[in-house]
Structure formats: C-alpha cells, structure tokens
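Inside the fold
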There are 2 protein chains.
Amino acid sequence: MPENTQPIERKPENIVYIGKKQTMNYVLAVVTQFNNGMNEVSIKARGNAISKAVDVKEIVVNRFMPNLQEKSIRTSSEELTNEDGTKSKVSAIQITLVKG
Amino acid sequence: MPENTQPIERKPENIVYIGKKQTMNYVLAVVTQFNNGMNEVSIKARGNAISKAVDVKEIVVNRFMPNLQEKSIRTSSEELTNEDGTKSKVSAIQITLVKG
C-alpha cells in the first residue's frame, strides 16, 4: 500500500507497557506523556504485571495528577505460543486515563 | 440492636475474595454463586492477587459463562498498617459481573 494512503493525522503512540522495571519508572513514563501534551495515555500489561499496572494508575492519579479521569479499564485474554510450540492463555489489562 | 430492626431483604454476600489458592478455586466459587441464583458477583483482590482476579474473570466469562456481562471494573488504593506500625499503600481491584 503506498504510504500516502495513510491518514495524515496519525494518532501518536501514547501507550505505556508495564514490564519488569520498578513501578516508579512507569509512573514517570505516564506523567511525562501527559506533560508532553498527550490528552490520553493507556497503561497496558499482561500476566503478573497487571498488578503493577493498577499500582501505576493509582500512584499517577492519587499522587501526581489528581485531575486525570479514568476513561476505561478493559481486560482481555491473549494467546501466547510457548517455546515448545504449545499455547498458553494470558490475561491482559488496558487502563486509559484522560485529562479532566 | 434487636434482630428485627435489620432490613428484611438483606443483600446476600456475593463477593469472591482472591487469595493464595489456585485460580480455578476462585473460578469455581464465582460460577457457583451465579448457579445458586446470584444475579451479580464481584471479584475483589489486593496487591499481587490483582493479576489472578483478572485471570478469574477472563476464565469465568470466556470458558464457563459467556452470557455474563461486565458491569464495572474499579481500582482503588487502600492503606495497610504494617507490623512495625508503619503504613503502606496497596492497590485493589473490584470486578463486577452480572447475568446478561
């Protein structure tokens, strides 16, 4: 597909993926995205990182940016292929915050 | 307080608290509550158990009761007092499912 068929105003990347770093790294990432002008930021996590995603959301809203509003919290189930070829299901969460 | 001052139609307990048992124990608890006639069941968890709460919801809905609807997912922050008297904050989640 030629490049010019893509929409001109492409939505910028505003997703913070939660991994193995310390919680405050992700808190800072979310706050930075908003301070850089994003109107909406999503926090995404899978498996055991889901708990950390909720921590990040609570710390961002309660300690740093109390005017943010929770737009949505969605959960889903994703299928992963293991190294031996078998498949596992893993839960995922997406928490979307918007400026109030 | 005399017993007869309590409201007659007290709302039955329909909350499943997620702890250290295996995920399927809680899946079975939720399914059983609905099969016993509950119209609405909440799954509650704190801290690291939050990930398991999402697993429970996904397994209940995707594998056992596809007609359930998600009424709400709420997160919060609770304060715990440690053994040494200091206080810690812990995140919590409440996922409420209703019959569709």
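Now for a look at the structure at hand.

Before going further, it helps to spend a moment on the relation of the copies chain B and chain A. Rotating chain B by 180 degrees and translating it 0.0 Å along the rotation axis places it on chain A, where the RMSD comes to 0.0 Å. The superposition of one copy onto the other is thereby described by a two-fold rotation axis. Residues of chain B ranked by C-alpha distance from the rotation axis are headed by Ser 51 of chain B, positioned 2.7 Å from it. Both copies present the same face, since 100% of the interface residues in chain B are matched by interface residues at the equivalent positions in chain A.

A word on the pairing of strand 4 (residues 87-99) of chain A. The side chains of a regular strand alternate between the sheet's two faces. Residue and element names in this part refer to chain A. With seven bridges joining them, strand 2 (residues 40-46) and strand 4 adopt antiparallel strand pairing. The residue bridging Glu 40 from the neighbouring strand is Val 98, located in strand 4. The sheet contact formed by strand 3 (residues 68-81) and strand 4 spans 13 bridges and is antiparallel. By the bridge assignment, Arg 74 is partnered in strand 4 with Gln 94. Linkage of strand 3 to strand 4, two consecutive antiparallel strands, is achieved through a turn of five residues, within which Gly 85 is found at a positive phi near 95 degrees.

For the rest of this paragraph, the subject is the sheet that holds strand 3 (residues 68-81) of chain B. Read from one edge of the open sheet, four strands run 1-2-4-3 (chain B), paired in mixed fashion. Strands with a single pairing partner mark the edges of an open sheet, and in this sheet they are strand 1 (15-17) and strand 3 of chain B. Averaged over all pairs of adjacent strands, the angle between strand axes in this sheet comes to 20 degrees, irrespective of strand direction. Contacts between helix 2 (residues 49-64) of chain A and the sheet are confined to strand 3 and strand 4 (87-99) of chain B, with strand 3 of chain B contributing the most and set at about 65 degrees to the helix. Strands strand 1, strand 2 (40-46), strand 3 and strand 4 of chain B of the sheet are contacted by helix 1 (residues 23-35) of chain B, whose axis makes an angle of about 170 degrees with strand 1 of chain B.

Another point: the interface of chain B and chain A. Counting residues at the interface gives 18 residues for chain B and 18 residues for chain A. Taken together, both faces of the contact between chain B and chain A bury some 1300 Å²; the carbon and sulfur share is 52%. Per-residue buried area on chain B facing chain A is highest for Ser 51, Ile 73 and Thr 75 of chain B; these three make up 37% of the total on that side. One can count zero salt bridges joining chain B with chain A. Our count for the contact surface shared by chain B and chain A stands at 15 residue pairs in polar contact (both at pLDDT 80 or more). Counting only elements with at least two residues in the side of chain B that touches chain A, the list comes to helix 2 (49-64), strand 3 and strand 4 of chain B. Element by element, the count of residues in the side of chain B that touches chain A is highest for helix 2 of chain B, at eight residues. In terms of residue class, the side of chain B that touches chain A is built from six nonpolar, eight polar and four charged.

Reading the values: the criteria
Residues numbered from 1 in each chain as written. Chains lettered and ligands numbered in written order. Predicted model: local features only at pLDDT ≥ 70, side-chain atom pairs only at ≥ 80, totals over all residues. Heavy atoms only, no water. Least-squares fit on C-alpha atoms with pLDDT ≥ 70 in both. Contact = heavy atoms within 4.5 Å. Pairing = 2+ DSSP bridges. Helix = DSSP H or I, 4+ residues; strand = E, 2+ residues; numbered from the N terminus. Axes fitted to C-alpha atoms, helices over the stretch in contact; angles between N-to-C directions. Buried area = accessible area lost by both parts, 1.4 Å probe. Salt bridge = Lys/Arg side-chain N within 4 Å of Asp/Glu carboxyl O. Polar contact = N/O pair within 3.5 Å; in protein donor to acceptor, adjacent residues only side chain to side chain. Nonpolar A, V, L, I, M, F, W, Y, C, P; charged D, E, K, R; others polar.

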